[in-house]
Amino acid sequence: MVLERAERGTPPVEPVTLKILVAGGFGVGKTTLVGAVSEIKPLRTEESLTEAGRPVDDTSGVEGKHTTTVAMDFGRITLREDLVLYLFGTPGQERFWFMWDELSEGALGAVVLADTRRLEDCFAAVDYFERRSIPFLVGVNCFEGAARYPAQDVRQALDLDEDVPVVLCDARDRESAKDVLISVVQHAMAYAATHRRPAVTTLTT
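This text gives an overview of the structure that appears in the document. (Residues numbered from 1 in each chain as written. Predicted model: local features only at pLDDT ≥ 70, side-chain atom pairs only at ≥ 80, totals over all residues. Heavy atoms only, no water.)

Quick word on the overall build of the protein chain
- Along its length, the protein chain carries 6 helices and 7 strands.
- Listing the helices and strands of the protein chain from first to last along the sequence gives α-β-α-β-β-β-α-β-α-β-α-β-α.
- Counting only residues that meet the buried cut, the protein chain has 46% of its 205 residues in that class.
- Contacts spanning at least 24 positions in sequence make up 71% of the contacts within the protein chain whose residues lie at least 6 apart.
- Entry remark: accessible area of the protein chain is about 10,900 Å², with carbon and sulfur atoms responsible for 51%. (Helix = DSSP H or I, 4+ residues; strand = E, 2+ residues; numbered from the N terminus. Buried < 20%, exposed > 50% of the residue type's maximum accessible area, 1.4 Å probe, protein only. Contact = heavy atoms within 4.5 Å. Areas by Shrake-Rupley, 256 points an atom, 1.4 Å probe, with all protein chains shown as cover.)

Side note on the nonpolar core
- Counting residues in hydrophobic clusters, the biggest one holds 26 residues, and the most contacted among them are Ile20, Leu85, Leu87, Val111, Leu181 and Val185.
- Put simply, the parts of the chain that give this core at least two residues each are strand 1 (16-24), helix 2 (30-37), strand 3 (67-80), strand 4 (83-89), strand 5 (109-114) and helix 6 (174-194).
- A per-element tally of this core places helix 6 first, with 8 residues.
- Among residues more than four places away in sequence, those in contact with Leu87 are Ile20, Val34, Val37, Asp73, Phe74, Gly75, Ile77 and Leu181. (Core = buried A, V, L, I, M, F, W, Y, C linked by side-chain atoms within 4.5 Å.)

Focus on the pattern of salt bridges
- Summed over all chains, the structure comprises 9 salt bridges.
- Close ionic contact of Glu144 with Arg172 constitutes a salt bridge, the shortest N to O distance being 3.3 Å. Here Glu144 is found in the loop between strand 6 (136-141) and helix 5 (151-158), whereas its partner Arg172 is found in the loop between strand 7 (166-169) and helix 6, with 28 residues between them in sequence.
- Classification of Glu144 as exposed rests on a relative accessible area of 64%.
- Taking relative accessible area as the criterion, Arg172 reaches 52% and is therefore assigned exposed.
- Linked by salt bridges that have partners in common, Glu144, Asp170 and Arg172 make up one network. (Salt bridge = Lys/Arg side-chain N within 4 Å of Asp/Glu carboxyl O.)

Section: the environment of Ala125
- Along the chain, the position of Ala125 falls in helix 4 (residues 123-131).
- The sequence separation of Ala125 and Thr90 amounts to 35 residues, and the corresponding C-alpha distance is 9.8 Å.
- Among residues more than four places away in sequence, those in contact with Ala125 are Ala23, Gly24, Trp100 and Val112.

Structural notes on the packing of aromatic side chains
- Enumeration according to the criterion identifies 6 aromatic pairs in this entry.
- If you follow Lys19 out to its NZ or CZ, it ends over the ring of Phe88, 4.7 Å from the centre.
- Sitting above the plane of the Phe143 ring, Arg117 keeps its charged end 4.6 Å from the centroid. (Phe/Tyr/Trp six-rings, centres within 6.5 Å; stacked < 30°, edge-to-face > 60°. Lys NZ or Arg CZ within 6 Å of the ring centre and 35° of its normal.)

Some words on the state of the cysteines
- A full pass over the atoms with the stated rule returns 0 disulfides.
- Left unpaired, Cys142 is separated from the closest cysteine sulfur, that of Cys169, by 6.4 Å.
- Residue Cys142 is classed as buried on the basis of its relative accessible area, which comes to 14%.
- Look at Cys169 and you get buried, because its relative accessible area is 3%. (Disulfide = S-S within 2.5 Å.)

Overview of unusual backbone geometry
- Not every positive phi belongs to a glycine, and Ser133 is a case in point at roughly 55 degrees.
- With respect to the helices and strands, Ser133 occurs in the loop between helix 4 and strand 6.
- For Ser133, a relative accessible area of 34% translates into the label partly exposed.
- Here Asp159, not a glycine, exhibits a phi torsion of approximately 55 degrees, which is positive.
- On the secondary structure map, Asp159 appears in the loop between helix 5 and strand 7.

Examining helix 5
- All buried positions along helix 5 are accounted for by Val154, Arg155 and Leu158. The arc that holds every buried residue of helix 5, seen down its axis, measures 105 degrees, which confines them to one face.
- Buried residues in helix 5 make contact with helix 4, strand 6 and strand 7.
- Looking at the residues trailing helix 5, positive phi occurs at Asp159, about 55 degrees. (Arc of directions from axis to C-beta.)

Structure below.
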């Protein structure tokens with residue numbers, strides 16, 4: 001493609017870069033989702049869980065989890081030749097929430113991952129983005145063995161506005177995770193249009 005452009009004398013396309021946050025509770029799959037779609041080796045800041053952290057790191061439902069993100073995850077995915085997403089996974093534990101303000105600076109939108117076994121763990125992320133008017137969607141990560149609920153039931157449980165998308169996904173699957181990211185960009189574009197924000201780009205599947 002680059003060679004063809006050079007032969008035609010057409011300058012290469014300068015891609016639009018957008019920042020998307022991936023948030024949610026402890027052990028919900030943020031690191032997994034970023035790693036599943038990233039076209040570069042993702043940057044991870046994981047540390048092993050320790051005995052000292054047991055009183056504050058609730059591993060109920062995720063007993064097999066032995067590490068935790070202490071700063072952020074970072075990845076990149078090219079959705080189109082002219083559109084690149086930079087993904088920033090936020091730390092899930094309350095003691096690291098002070099980092100969210102810095103990570104959210106300049107973000108177009110956010111994905112809030114939810115686990116139906118621990119749905120209350122994503123309340124803080126939902127509240128955070130609602131208070132700051134950052135468009136977001138809720139991605140219900142369908143863990144093996146977890147009960148499946150219709151999206152409308154999840155919406156009601158989280159008391160979400162009707163315009164907030166709720167999608168089911170598998171954070172381990174690249175195509176599923178990619179669909180979630182496409183959905184959040186589309187939602188953020190629609191949000192920008194209705195709230196009179198400058199439009200960045202348009203996205204079609």
